[in-house]
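A look at the structure
If you want the building blocks of each chain, they are given just below.
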Amino acid sequence: MLYVSNQSIGIKVAWWVNIKIKLTYYQSNPLTIRNMKKLFTLILLLGCIFRASAQTGSPVINMMKADAGKLKSDSIRKADSIKKAEDNATPLGYADFSWLNGNNRQSSKLLDNAYFTGDFTFDMNYSQSSNNPNDDMVTGSTALARNNEVDVSMVAIGGDFHYDNVRGRIMTQFGTRATIVPRNDYSGYKGLYDLPDAYRYLSEAYGGYHFDVWHGINVDMGIFMSYIGLFSYNNFENWAYQPSYTSDNTPWFFNGVRIQLFPSVKTKVELWIINGWQSYGTFNKMPGFGGAYVAQPNQRTKIISNNYFGTDVAGAPGVKRYHTDNSFQYLYYDGSDKKGPGVKRLAFSVTADFGVQNGVAPGGVVYSPFGKNASNFISGMAYNRMQFGDQMKWGWTIGGGFMSNPSRYLALVPPGLATDSFLAASVPGAKMAGWDASTSFDYDPNQFLTVRFELVHRFMNIPYFNGPGGVTTGPGGNGYQTNPSTTYNPNSYIPNPPTITNAQGQTVANPNFIPFDLVNAESRFILALIVRF
C-alpha cells in the first residue's frame, strides 16, 4: 500500500499557495526576496502544524504517545512505591530525622534482635563556673550537679523488650541525675515508702501492649519520658547540654498510663492519665490529665503540642494547674548528600510555654493567673543548629531563652541551706524572671560518640545561682557540711532556717543558721563526653 503522509500534503499545499502569492504580488506590487522568504517560511510552518494536528495514525506520533504513557506509568509506579514504603515505615521514622533536637541520630543499635533492643548511655561532664563556689555545687540545673569536677551525670542501661505485641522498656539511671531530678518532687513526702529512693534509679520502666490498628496503638503503664520542653532527657539527643529554662523547669518524666495512637506514619496522638507533674505520687486526690500531638508532615518539619491539667500544689486540691507547651522545628537547608567539607545542614527550633495556677489554698492563699497573686509560667527558647564537615562530624549550636515564673511554682529549688529561704519566698506574686544564652561545638566521629564544648550564661532577677560562698558551707568557708544530723539526705535538703520558734512560741534567730551565698548570674564552661550504644 502506498503511504502518503499529511506532511507531504501540507508541503504541497504550501508550495501551491506560495506560487499563487508570488504571481499575484509580482503583478501588482513586487516584494523583495527577503520578504518572500519570510512569508514562505510562515506558510510552511502552518502546513506542518496542520500535519501534526491532522495525523493521528503516524508511527512517530504513536511512538511518542507510547513513550509518554510509559513515563506516566513509571511515575505512578514510583509514587505508589514511595507511598507503600511510607505506609510500611516506622511511625515518625519514615525519613531521615536525625537532624531533630531531642531525637536520637543513631540509625542502628549494637544489640538488636527479634526480642530485645539494647540501649546504653554513658554521660560524663566537667563544668566550671565563673563564680567558683567553694562547695562545688551547681544550682538551677538538672543537667549539671558538680562544679570544677569530673561528674558521672548518667549511666543508663536497659532497652526494649518486644514479643507477640507485648512490649516493655526498662532504663536504669545511675549518677548525679538520680539525685537532681527527683529532689523537687514533694509527693514523695506523702505517706510512707520513700518514693524518691524507690524510683530514683529508674529513668524509664513500663510495660504495655501494641494493637495493630491504624499504624499502631500502644497502651503503656509505668514511668516514661515526657516531651514537654522539647529537649530529651538523654543529652545525647540534644543540640545543647545545659537546656534553657523552658526545658529545665518542665517535666522530664511522667508516672501513670500513656496511650499512643498513630493514625498515620506522620502523626502521633498521646493521652496521659498520670500521678502528677513530674511526680512519683499524687499531690492531692485527683490525677493529672494531658495529651500530646506530634506531626512530621515531611522530612524537614516537626510540630509538637503538649497540654496538661492537674492539681499539683501539695495539700491544696482547690488550686488547678493548666499548661500548654508548643514546639516547631524546621530543616531549612539540607546538603547531607554532598561529599567533602562544607555546611551540610541548617535547622532551627522554637518553643513557647504558657501555664497558670488558679484557685484558693488552705489558709486563704489565693492563686490567680495574673495580678498581685500571679502564679503563671511564661517561657520561650530558640536554637539554630549547623552541621558541617565530611560526614557531618561537626556541629555548632547557638540559642537561648527566657522564663517568667512569679510564685516560682515550676522553679528548680536551690539545694542545701538555701532551700528553706527560697521556698518561704515562693508565694503567689513573687518575682522570678531570667534569661539564658549558650553556644555549643560538637564533634561526632561516629553515631556512638559525642564530644561537646559549651559556653553558657544565665541570669535571674533574684539571687539564684551558687555564689563563691556556696550553699552548703559551714563555718570557715571550707565548703563542707557541718550539721551531722543532716549530712546524709537523699533529697539534698538541709533544714536550717534563719529563724526558729522557741519553747515560748516566739520567733527568734536560729543560733545554728549558716549563711548561704546566692547570686544573680553565672557564666559556665562545659565539657561533655557522651557514649551511646
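Please refer to the structure higher up on the page.
Analysis parameters
Residues numbered from 1 in each chain as written. Predicted model: local features only at pLDDT ≥ 70, side-chain atom pairs only at ≥ 80, totals over all residues. Heavy atoms only, no water. 1 Å grid on protein atoms, 1.4 Å probe; cavity = no way out; pocket = protein on both sides within 12 Å on 5 of 7 lines; lining within 4 Å. Points joined across faces, edges and corners; volume = space filled by probe spheres on them. Helix = DSSP H or I, 4+ residues; strand = E, 2+ residues; numbered from the N terminus. Nonpolar A, V, L, I, M, F, W, Y, C, P; charged D, E, K, R; others polar. Salt bridge = Lys/Arg side-chain N within 4 Å of Asp/Glu carboxyl O. Buried < 20%, exposed > 50% of the residue type's maximum accessible area, 1.4 Å probe, protein only.

**With respect to the layout of surface pockets**
Within this model, the second largest pocket holds a volume of roughly 1000 Å³. Where the lining of the second largest pocket is concerned, the elements lending two or more residues are β11 (343-361) and α7 (418-424). Across the lining of the second largest pocket, the residue classes break down as 21 nonpolar, ten polar and six charged.

**Concerning empty space enclosed by the protein**
Using the criterion set out here, one finds two cavities of 30 Å³ or more in the structure. By volume, the second largest cavity is sized at about 60 Å³. Lining the second largest cavity we find Gln-173, Val-181, Pro-182, Leu-202, Ser-203, Ile-223, Met-225, Tyr-233, Phe-253 and Tyr-280. Residue assignment for the lining of the second largest cavity shows that the elements contributing at least two residues are β4 (202-211) and β5 (217-225). Of the residues that constitute the lining of the second largest cavity, the class distribution is eight nonpolar, two polar and no charged.

**Topic: the pattern of salt bridges**
Counted under the stated rule, the structure contains 18 salt bridges. Residue Glu-149 is joined to Arg-146 by a salt bridge in which the shortest nitrogen-to-oxygen separation is 2.9 Å. Overall, the relative accessible area of 28% leaves Arg-146 in the partly exposed class. A salt bridge links Arg-452 to Asp-442; its shortest N-O distance comes to 2.7 Å. Taken as a pair, Arg-452 in strand β16 (residues 449-460) and Asp-442 in strand β15 (residues 433-446) lie far apart in primary sequence, ten residues in all. Residue Arg-452 shares its accessibility class with Asp-442, and that shared class is buried. Each member of the salt-bridge network shares a partner with another, and the members are Lys-109, Asp-119, Asp-160, Arg-169, Glu-204, Glu-237 and Arg-532.

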